[in-house]
Amino acid sequence: MSTPRDLRHITIPLVHGSGAIPALGFGSLIPDPVAAKQAVKAALEVGFRHIDSAELYRTEGAVGDAVKEAVGAGVVKREALFLATKLWNNNHRPDRVKAAFEASLQRLQLDYLDCYLMHTPFAFKPGDELFPANERGELIYDTEVTLVETWRAMERLVDEGKCRSIGLSDITLEKLKAIVAVARIKPAIVQVECHPYLPEWELFDFCKQHGIVLLAFAPLGHGMEPKIVDDPVIKAIAWQVGKTPAQVALAWAVQRGTALLTTSTNPAHIKENFDISPLPQDAMQEMQERIATSIRLNAVVETGVPGFVPRPTSE
């Protein structure tokens, strides 16, 4: 891959959908809806054109309001945006998928979605409870629906024209291979935890072979220990190129060919996360070969329970 001159505006064409996804994306996992709306507006004003949400985050309304105001103010046109949200685990039954999708579309105040992702490959008991549990507090999984059945229902959303692409999130390579093998409409995007401490090279290679965009969440490690921005290799490169360690980690992600999502409520951090520049090829090589830490920070791929998302309390 040749080194691009401007990483901020890179888009990746969707082989299995229409349009292209901006590599730099902004995530809306922000518990306070007022803060979420302000953060999304700030991201759009800085230049982000890819906004990610989910039914589980309970921020779809805030995202919809922010987008509507930004479009109304002439900051951006709807057709220049890539807007995505996710199907939650309690709606995996095929007869629930379309209703869940349309409810998200309504909360987002949109006529169509650029991508609809299955939030995890784990099905929970269908119903209104986001985290259905038995009397012992144990999650109740739904064993009467398969991953393929849910995917078929998502394919029908594309057929009906209100969803331009579909994808998967929090999925292992083994489960992704099973879907790709039988899918009529292949996943356009696979969203997983991915950062210099979890580069997911094998999954990334499979995605490239099949024209799937790998979309990295927590590209900076979600601020957890061990902190990626404190890594000595990354800090040394940051000093050499005159950027922050965060900007180096984000540039590495885009330059290797993945898309990514950052999240912040701090306007200065939002601007910093967008203002990335290409790294020298030897720095890219150094990050691949010299970073010694290897860790997964989110166990969602094992349970279907996102580790970074606060459990909603019953209302």
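Structure report, in brief. (Residues numbered from 1 in each chain as written. Predicted model: local features only at pLDDT ≥ 70, side-chain atom pairs only at ≥ 80, totals over all residues. Heavy atoms only, no water.)

### A closer look at the overall build of the chain
Logical step 1: The number of helices and strands found in the chain is 11 helices and 10 strands.
Logical step 2: A globule of 315 residues ought to have a C-alpha radius of gyration of about 20 Å, and the chain, at 19 Å, matches this closely.
Logical step 3: Once the C-alpha set of the chain is aligned to its principal axes, its extents read approximately 55 × 45 × 40 Å.
Logical step 4: Out of the 315 residues in the chain, the part that is buried amounts to 54%.
Logical step 5: The contacts in the chain between residues at least 6 apart in sequence include a share of 74% that link residues at least 24 apart.
Logical step 6: Total accessible area on the chain is roughly 13,900 Å²; 50% of this is exposed by carbon and sulfur atoms.
Logical step 7: For the chain, the centre of its 33 positive side-chain charges and the centre of its 39 negative side-chain charges are spaced 4 Å apart. (Helix = DSSP H or I, 4+ residues; strand = E, 2+ residues; numbered from the N terminus. Rg over C-alpha atoms; globule rule 2.2 N^0.38 Å. Buried < 20%, exposed > 50% of the residue type's maximum accessible area, 1.4 Å probe, protein only. Contact = heavy atoms within 4.5 Å. Areas by Shrake-Rupley, 256 points an atom, 1.4 Å probe, with all protein chains shown as cover. Lys, Arg positive; Asp, Glu negative; His and termini not counted. Charge placed at Lys NZ, Arg CZ, Asp CG, Glu CD.)

### Topic: the packing of helix 7 (residues 232-241) against helix 10 (residues 281-290)
Logical step 1: Contact geometry for helix 7 and helix 10: axes closest at 10 Å, N-to-C directions at 170 degrees. By the angle class used here, helix 7 and helix 10 are roughly antiparallel. Contact residues: Val 233, Ile 234 and Ile 237 in helix 7; Ala 283, Glu 286, Met 287 and Arg 290 in helix 10. (Axes fitted to C-alpha atoms, helices over the stretch in contact; angles between N-to-C directions. Parallel < 35°, antiparallel > 145°, perpendicular 65-115°, else oblique.)

### Some details on the pairing of strand 7 (residues 166-169)
Logical step 1: Neither face of strand 7 is open: one carries Ile 166 and Leu 168, the other Gly 167 and Ser 169, and all of them are buried.
Logical step 2: As paired elements, strand 6 (residues 115-118) and strand 7 share three bridges and run parallel to each other. Residue Tyr 116 lies in a different strand from strand 7, and its bridge partner there is Ile 166.
Logical step 3: Note that the unit made of strand 6, helix 4 (residues 147-159) and strand 7 has a crossover that is right-handed.
Logical step 4: With three bridges connecting them, strand 7 and strand 8 (residues 189-193) associate as parallel partners. Looking at strand 8, one finds that Gly 167 is bridged to Ile 189. (Pairing = 2+ DSSP bridges. Right-handed = clockwise from strand over helix to strand, strands pointing away.)

### Quick notes on the nonpolar core
Logical step 1: Counting 92 residues, the largest nonpolar core has Tyr 116, Leu 176, Ile 189, Leu 279 and Met 287 as its most contacted members.
Logical step 2: No other element matches helix 8 (residues 245-255), which puts seven residues into this core.
Logical step 3: Counting 16 residues, the second-largest nonpolar core is a separate cluster that includes Trp 88, Phe 122, Phe 124 and Ala 218. (Core = buried A, V, L, I, M, F, W, Y, C linked by side-chain atoms within 4.5 Å.)

### Structural notes on the pattern of salt bridges
Two side chains that carry opposite charge are able to pair once their charged atoms sit near each other.
Logical step 1: Scanning all chains against the criterion turns up 17 salt bridges.
Logical step 2: Glu 135 is the salt-bridge partner of Arg 136, the closest N and O atoms lying 3.5 Å from each other. Note on accessibility: Arg 136 and Glu 135 belong to one class, exposed.
Logical step 3: When salt bridges that share partners are traced, they join Lys 37, Lys 41 and Glu 69 into one network. (Salt bridge = Lys/Arg side-chain N within 4 Å of Asp/Glu carboxyl O.)

### Overview of helix 2 (residues 60-72)
Logical step 1: Here helix 2 is 13 residues long and its end C-alpha atoms lie 18 Å apart, about the 18 Å a rise of 1.5 Å per residue gives.
Logical step 2: Every buried residue of helix 2 is listed here: Glu 60, Ala 62, Val 63, Gly 64, Ala 66, Val 67 and Ala 70.
Logical step 3: Against the buried residues of helix 2 lie helix 1 (33-46), strand 4 (50-52), strand 5 (82-87) and helix 3 (94-108).
Logical step 4: A positive backbone phi angle near 80 degrees is found at Gly 74, which sits one or two residues after helix 2. (Expected span 1.5 Å × (residues − 1).)

By themselves, these are just geometric observations and shouldn't be taken as functional.
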